[in-house]
Amino acid sequence: MQHVTERRNLGLALAALALMAASITGTAVFEASSPGANLAPLNGADELVEILQTNQRVLWTALNGSVSSLVVKGWPVEIGDAELGGGLVIERPEDGSVGVIDFGGKPMSVRFELVD
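All of the points below concern the structure found in this document. None of these values were measured; they are calculated from a predicted model.

Cut-off values and rules
Residues numbered from 1 in each chain as written. Predicted model: local features only at pLDDT ≥ 70, side-chain atom pairs only at ≥ 80, totals over all residues. Heavy atoms only, no water. Helix = DSSP H or I, 4+ residues; strand = E, 2+ residues; numbered from the N terminus. Contact = heavy atoms within 4.5 Å. Salt bridge = Lys/Arg side-chain N within 4 Å of Asp/Glu carboxyl O. Buried < 20%, exposed > 50% of the residue type's maximum accessible area, 1.4 Å probe, protein only. Core = buried A, V, L, I, M, F, W, Y, C linked by side-chain atoms within 4.5 Å.

**A few points about the environment of G87**
Next up, step 1: On the secondary structure map, G87 appears in the loop between β7 (82–84) and β8 (88–91).
Next up, step 2: As a C-alpha pair, G87 and P76 span eleven residues in sequence and 7.5 Å in three-dimensional space.
Next up, step 3: Among residues more than four places away in sequence, those in contact with G87 are V72, K73, G74 and F103.

Put into structure tokens, the structure is as follows:
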């Protein structure tokens, strides 16, 4: 009887882990090599999110799952002797399948968090 209980508990634990893993699709990161450069996918990011870039906007479409949040980082700026940090935008899009990032310029990086 004890073996049946242990197997059932192990089975429930494995099922819970599988469910959690299925709900998290992954992270897609795109980075630019220098200020003004286009974003390039890292580690297969283009398999999760497709992007189309202009000089001021990034249009994105989730290919696998739904985007739950995104983080956009801008390049640091120097004014005289003062070095300012780059811009940062964190969004939770209403529609997780498609969206527009209107950053006002080409960002340094964009990180998409996806869920299933």
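**Let's talk about the pattern of salt bridges**
Pairing between side chains of opposite charge can happen when their charged atoms approach one another.
Next up, step 1: Enumeration according to the criterion identifies two salt bridges in this entry.
Next up, step 2: For the salt bridge of D102 with R57, the shortest nitrogen-to-oxygen distance reads 3.7 Å. Residue D102 is found in strand β9 (residues 98–102), and its partner R57 is found in strand β4 (residues 57–62); the two are separated by 45 residues along the sequence.
Next up, step 3: Salt-bridge contacts for E113 lead to R111; the nearest nitrogen and oxygen are separated by 2.8 Å.
Next up, step 4: The class of R111 is partly exposed, set by a relative accessible area of 41%.

**Focus on the nonpolar core**
Next up, step 1: In terms of nonpolar packing, the biggest core is built from 19 residues, with V49, W60 and F112 touching the most fellow members.
Next up, step 2: At the level of elements, β1 (24–32), β3 (49–53), β4, β5 (66–73) and β10 (109–115) are the ones that each hand at least two residues to this core.
Next up, step 3: Beyond its immediate chain neighbours, meaning those up to four positions away, F112 contacts G26, T27, A28, F30, V49, I51, W60, V67, S69, L70 and I101.

Note that all results are geometric; they support no functional claim without further evidence.
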